[in-house]
Amino acid sequence: MATPDVHTDFRTVVNERRSIRGYKPIPVPRELIEEVIEIAKRAPSSMNTQPWHFHVVTGEPLELIRKGNTERMMAGSKVDREIKMNHGYEGPHRDRQVEIAVQLFEAMGIERDDKARRQDWVMRGFRQFDAPVSLVLTYDKYLEPAAISQFDLGALSHAIVLAAWERGLGCVINGQGIMQSKVVREHAAIPDDQNIMICIAMGYPDESFVANTVKSVREDSDKFVRYVGFD
Ligand SMILES: Cc1cc2nc3c(=O)[nH]c(=O)nc-3n(C[C@H](O)[C@H](O)[C@H](O)COP(=O)(O)O)c2cc1C
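Residues numbered from 1 in each chain as written. Predicted model: local features only at pLDDT ≥ 70, side-chain atom pairs only at ≥ 80, totals over all residues. Heavy atoms only, no water.

Break down helix H2 (residues 30-40) for me, with residues and values.
Because an α-helix completes one turn every 3.6 residues, residues spaced three or four positions apart along the sequence face the same direction. Leu 32, Ile 33, Val 36, Ile 37 and Ala 40 are the residues of H2 that are buried. Mapping the buried residues of H2 onto a view down its axis gives an arc of 140 degrees, with all of them on the same face. Looking at the buried residues of H2, the elements they touch are strand E1 (52-58), strand E2 (133-140), helix H6 (147-166) and strand E4 (194-203). (Buried < 20%, exposed > 50% of the residue type's maximum accessible area, 1.4 Å probe, protein only. Helix = DSSP H or I, 4+ residues; strand = E, 2+ residues; numbered from the N terminus. Arc of directions from axis to C-beta. Contact = heavy atoms within 4.5 Å.)

Give me the lowdown on the nonpolar core, citing residues and values where you can.
Of all hydrophobic cores here, the largest spans 27 residues; its most connected members are Leu 137, Ile 160, Leu 169 and Met 202. Those elements that place two or more of their residues in this core are H2, E2, H6 and E4. If you tally residues by element for this core, the top one is H6, at 6 residues. Once residues within four sequence positions are removed from consideration, Leu 137 is found in contact with His 53, Phe 54, Leu 153, Leu 156, Ser 157, Ile 160, Asn 195, Ile 196, Met 197, Ile 198 and Ile 200. In this structure, Phe 105, Ala 131, Leu 162 and Ala 201 belong to the second largest nonpolar core, which totals 17 residues. (Core = buried A, V, L, I, M, F, W, Y, C linked by side-chain atoms within 4.5 Å.)

Break down the site of the ligand for me, with residues and values.
Residues in contact with the ligand amount to 14 residues; listed here are only the nearest, Ser 19, Arg 21, Gly 175, Gln 176 and Arg 218. Arg 218 places a polar side-chain atom, nitrogen or oxygen, 2.9 Å from an oxygen atom of the ligand. For the ligand, whose free accessible area comes to 620 Å², the fraction covered by protein is 67%. Its residues assigned to classes, the shell around the ligand shows 5 nonpolar, 5 polar and 4 charged. (Near = heavy atom within 4 Å. Polar contact = N/O pair within 3.5 Å; in protein donor to acceptor, adjacent residues only side chain to side chain. Areas by Shrake-Rupley, 256 points an atom, 1.4 Å probe, with all protein chains shown as cover. Nonpolar A, V, L, I, M, F, W, Y, C, P; charged D, E, K, R; others polar.)

Go over the sheet that holds E1, please, and point to the residues and values.
The antiparallel open sheet is built from 4 strands, whose spatial order is E1-E2-E4-E3. A single partner strand is all that each edge strand has here, and the edge strands are E1 and strand E3 (170-174). For this sheet, the mean inter-axis angle between neighbouring strands, taken without regard to orientation, is 25 degrees. Relative to E4, E2 runs antiparallel, the two sharing 8 bridges. Bridge assignment links Thr 138 to a residue of E4, and that residue is Ile 196. (Pairing = 2+ DSSP bridges. Axes fitted to C-alpha atoms, helices over the stretch in contact; angles between N-to-C directions.)

Pasting the structure below:
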């Protein structure tokens, strides 16, 4: 497939990009993913260390990851990540977490007390929203404590989702997909000397999937920005 002609200006790409949680069941050409990675790898990193590895997973290994994630989560297994997590969000962070969930559930017509559909939504997350591709991002274990390298992978992730969006691909950066990191490690054959940071689901957006239209809210800048030393 030919690469789409891309001329969208940066501001438009940033403003219009949304997390995509419903995908067309069609494969993404490997060349297109390669092109996205070529662009995204221009992301800055601490001392240009570029401490990232990409494991681009599709087909049977990805199906096995979905199956393993689903089985473990249904069995009530504890979340098992390879990065340290905080104890949970509080205050305005929690409010924003709830706000995006409410937006998504309202768009999908999932009622507050509809446990079955809420559960189904959560399970979709563990299946990486049935995306045809998952990019598993890792860094070398010896870098621990790895806050600065994790920061670098964050910068890289934004570059990936923007470069993908500009090419007609949707993504969702997806913590749920690696909540059972042993499953991902096994089926994606992640080397022992790397830690799994995050995965990014990728594919062609399904325009009929209403959650894909949800535009998340951002705080007014004057609530979190201080200017120091200006007149
Ligand atoms: C580190 C990280 C982890 C995320 N994990 C999930 C996830 O597990 N499930 C999900 O539906 N969205 C996940 N997201 C997507 C966020 O919910 C989304 O980026 C946020 O609500 C803002 O919406 P937008 O991406 O549409 O602007 C994650 C995003 C980031 C940056």
